[in-house]
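Residue-level structural notes
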Amino acid sequence: MQDTDKEMIENYTEKYSKLCEANGLIDKNLFDLYGVKRGLRDINGKGVLAGITKVSQIKGFEEQGDQRIPCEGKLYYRGYDINDLVNGFTSNNRFGCEEITYLLLFSALPTKEQLAEFKEILAASWDLPKNFVRDVIMKAPSKDIMNSMTKSVLTLASYDDKIDDLGSDNVLRQCLNLISTFPRLAVYAYHAHNHYDLDNSLYIHRPNKNLSVAENILHMLRPDTEYTELEAKILDAALVLHMEHGGGNNSTFTTRVITSAGSDTYSAIAAAILSLKGPKHGGASNKVPDMMQNIKDNVTDPTDEEEVRHYLTKILDKQAFDRRGLIYGMGHAVYTLSDPRALIFKGFVKKLAEAKGRQADFALYSLIERLAPEVIGAKRRIYKGVCVNIDYYSGFVYNMLGIPMQLYTPMFATARIVGWSAHRLEELINADKIIRPAYKSIVTLNEYVDIEER
Ligand SMILES: CC(=O)SCCNC(=O)CCNC(=O)[C@H](O)C(C)(C)COP(=O)(O)OP(=O)(O)OC[C@H]1O[C@@H](n2cnc3c(N)ncnc32)[C@H](O)[C@@H]1OP(=O)(O)O
Ligand SMILES: O=C([O-])CC(=O)C(=O)O
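Residues numbered from 1 in each chain as written. Chains lettered and ligands numbered in written order. Predicted model: local features only at pLDDT ≥ 70, side-chain atom pairs only at ≥ 80, totals over all residues.

- As annotated in an unreviewed UniProt entry, the chain carries the name Citrate synthase and is attributed to Sporotomaculum syntrophicum.
- In the Pathway (unreviewed entry) part of its UniProt record, the chain is described as follows: "Carbohydrate metabolism; tricarboxylic acid cycle." (UniProt positions renumbered as here; feature names shortened; annotations may be inferred.)

This is how it looks when you write it as structure tokens:
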């Protein structure tokens with residue numbers, strides 16, 4: 001584009017965006033006046049009921065009569081407490097990702113035989129079409145791996161003869177294929193970016209049938225394919241903790257909305273990826289480490305409570321970091337006192353920080369975990385409490401695992417594809433209504449004016 005055209009367009013958009021803002025602004029009081037729930041939630045966090053699910057349950061409140069009392073967070077996958085599930089496979093020193101994937105898809109814990117068969121099916125499903133890596137993933141690489149994955153998912157659709165078949169068997173086949181190929185789509189997209197944009201050497205390792213999902217990610221990611229058991233086990237737990245979170249989270253709801261319109265699996269999953277990347281959702285896992293670095297760069301002593309508190313206040317006042325006024329990794333739409341996933345994660349993080357000599361960073365994370373809710377509480381209207389969420393520690397963990405930051409949110413997607421799949425199947429099996437909420441219109445009606453008379 002010529003510089004003059006660029007300047008002309010910039011001048012136009014600067015001027016006309018002001019018009020969009022002025023004409024598009026809606027008085028916030030009208031939401032109360034018309035009983036419209038901002039973000040489809042009450043101010044105390046209770047969501048508007050939009051569906052029924054058996055995939056998982058999330059609790060941030062106890063109901064006592066008509067009262068809703070904030071409580072420690074609880075999360076159940078298919079009725080099983082997430083703490084019990086994680087304890088189950090970690091105390092037995094086995095990988096959990098495949099087992100919990102089976103649970104979320106089929107509503108039952110697998111026997112050893114069922115699990116072995118499921119792992120074979122997953123390995124049989126991870127082949128990509130001929131030359132897909134060369135012709136799709138390596139073309140037009142981007143530092144935004146979530147966009148690259150979306151491109152890959154949509155392109156995979158064109159290789160599927162039964163793209164529009166909404167039968168459960170076909171949709172399950174498509175979902176298993178995506179669940180199984182996501183690690184490759186993510187890691188290879190990173191390799192393409194690392195080579196073509198960052199000028200580093202290119203290598204492509206194939207997944208190994210004898211390895212778990214977490215091991216395969218590290219195996220494909222690293223030049224020498226090596227990793228320690230602790231690293232693989234922590235990544236495995238991270239994947240399990242990110243797999244599912246009810247029907248209402250932004251990306252799963254997106255899956256359900258698109259599914260309800262009768263669209264194909266690739267379209268629903270592509271849209272879910274694009275929802276997840278938002279910094280208020282899964283994109284927070286990237287924002288948190290950036291924010292931490294920014295804090296370290298701007299405070300002289302990261303152990304000085306008062307100095308850190310002051311800087312957090314500046315972030316909230318939009319005077320520091322990305323100037324959006326958010327402390328990333330804090331707060332949750334449903335949880336009040338705690339996010340159970342963050343508590344489980346914190347135990348692993350501490351162990352890993354000690355193993356990697358990152359205790360000082362861990363201390364800063366712990367300090368901000370304590371200070372941020374107070375600082376947010378002082379600056380915003382808090383109705384239900386603010387606690388750290390799963391994304392607070394995930395970037396730190398991935399960094400300690402040597403996973404590049406471009407892959408933090410893609411790791412989340414690689415896990416959450418399981419939840420999206422379970423919800424897509426549930427929506428298809430049960431709902432026969434297109435999801436279509438109402439919007440209260442406050443537009444003033446106008447008489448049409450001929451162009452000669454405007
Ligand atoms: C896997 C996940 O998706 S977990 C969430 C990951 N996202 C983040 O970590 C981003 C930071 N956090 C946030 O933006 C929010 O806490 C959300 C989007 C997660 C939840 O938002 P809400 O449901 O609006 O939270 P809640 O009702 O408790 O918020 C009350 C007020 O505190 C503000 N608030 C909540 N969390 C934060 C935060 N971390 N930083 C600054 N302000 C916050 C809200 O904006 C709201 O103010 P408003 O009424 O002026 O809009
Ligand atoms: O439930 C939510 O709104 C966000 C969340 O924690 C998730 O999707 O894991």
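Read on for the rest.
Some points on the overall build of the chain
- Counting its secondary structure elements, the chain contains 18 helices and 3 strands.
- Look at the contacts in the chain between residues 6 or more apart in sequence, and 72% of them connect residues 24 or more apart. (Helix = DSSP H or I, 4+ residues; strand = E, 2+ residues; numbered from the N terminus. Contact = placed C-beta atoms within 7 Å.)

So, the site of ligand 1
- Surrounding ligand 1, one finds 25 residues, the nearest of these being Ala284, Met330, Gly331, Arg380 and Asn389.
- When grouped by side-chain class, the residues that make up the shell around ligand 1 number 11 nonpolar, 9 polar and 5 charged. (Near = placed C-beta within 6 Å. Nonpolar A, V, L, I, M, F, W, Y, C, P; charged D, E, K, R; others polar.)

Let's talk about the sheet that holds strand 3 (residues 80-81)
- Overall, antiparallel pairing links the 3 strands, which are arranged 1-2-3 in an open sheet. Pairing within the sheet leaves two strands with one partner each, and these edge strands are strand 1 (56-64) and strand 3.
- Here strand 1 runs beside strand 2 (residues 67-77); their pairing, made up of 8 bridges, is antiparallel. By the bridge assignment, Ile58 is partnered in strand 2 with Leu75. (Pairing = 2+ DSSP bridges.)

A look at helix 16 (residues 359-379)
- Compared with an ideal rise of 1.5 Å per residue, which puts 21 residues at 30 Å, helix 16 spans 30 Å between its outermost C-alpha atoms and is within 8% of the ideal.
- Most pronounced at Leu371, the bend in helix 16 amounts to some 30 degrees, and the proline Pro373 follows within four residues.
- Burial in helix 16 covers these residues: Tyr365, Ile368, Ala372, Val375 and Ile376.
- Each element contacted by the buried residues of helix 16 is listed here: helix 14 (305-316) and helix 17 (391-400). (Expected span 1.5 Å × (residues − 1). Bend = angle between axes of the 7 residues up to and from the residue. Buried ≥ 20, exposed ≤ 12 C-beta atoms within 10 Å, placed from the backbone.)

Examining the UniProt feature "active site" (unreviewed entry) in the chain
- Residues given the UniProt feature "active site" (unreviewed entry) here are His332 and Asp391. Taken along the chain, the residues just named run across 60 residues; in space they keep tight, none of their C-alpha pairs more than 10.4 Å apart.
- Within the element layout of this structure, His332 appears in the loop between helix 14 and helix 15 (340-355).
- Its 23 C-beta neighbours within 10 Å are what place His332 among the buried residues.
- His332 has contacts with Asp339, Cys387 and Asn389, leaving out every residue within four places of it along the chain.
- Among all residues touching Asp391, those that are not within four sequence positions of it are Ala284, Ser285, Val288 and Gly329.

Examining the domain arrangement of the chain
- The domain boundaries assigned to the chain delineate domain 1 (80-280 + 405-430) and domain 2 (284-400).
- Using C-alpha coordinates to define each centre, domain 1 is positioned 27 Å away from domain 2.
- Counting from both sides, the interface comprises 16 residues of domain 1 and, opposite them, 18 residues of domain 2.
- Breaking the side of domain 1 that touches domain 2 down by element, the ones donating at least two residues are helix 3 (82-91), helix 10 (229-242) and helix 18 (408-430). (Domains from an automatic or database assignment.)

Some words on the site of ligand 2
- In the vicinity of ligand 2, the contacting residues are His245, Gly246, Asn249, His332, Ala333, Val334, Asn389 and Ile390.
- Among the residues making up the shell around ligand 2, the classes are represented as 3 nonpolar, 5 polar and no charged.
- Shared between two domains, the shell around ligand 2 holds at least three residues of each, these being domain 1 (80-280 + 405-430) and domain 2 (284-400).

Some thoughts on the packing of helix 10 against helix 15
- The geometry of helix 10 relative to helix 15 is characterised by a closest axis approach of 11 Å and an angle of 165 degrees between their N-to-C directions. Between helix 10 and helix 15, the angle falls in the class roughly antiparallel. The interaxial crossing formed by helix 10 with helix 15 has left-handed handedness. Where helix 10 approaches helix 15, its residues Leu230, Ile234, Ala237 and Leu241 are matched on the opposing element by Arg341, Ile344, Phe345, Phe348, Leu352 and Ala355.
- Residue classes in the contact of helix 10 with helix 15 are distributed as 9 nonpolar, no polar and 1 charged. (Axes fitted to C-alpha atoms, helices over the stretch in contact; angles between N-to-C directions. Parallel < 35°, antiparallel > 145°, perpendicular 65-115°, else oblique. Left-handed = near helix turned anticlockwise from the far one by under 90°.)

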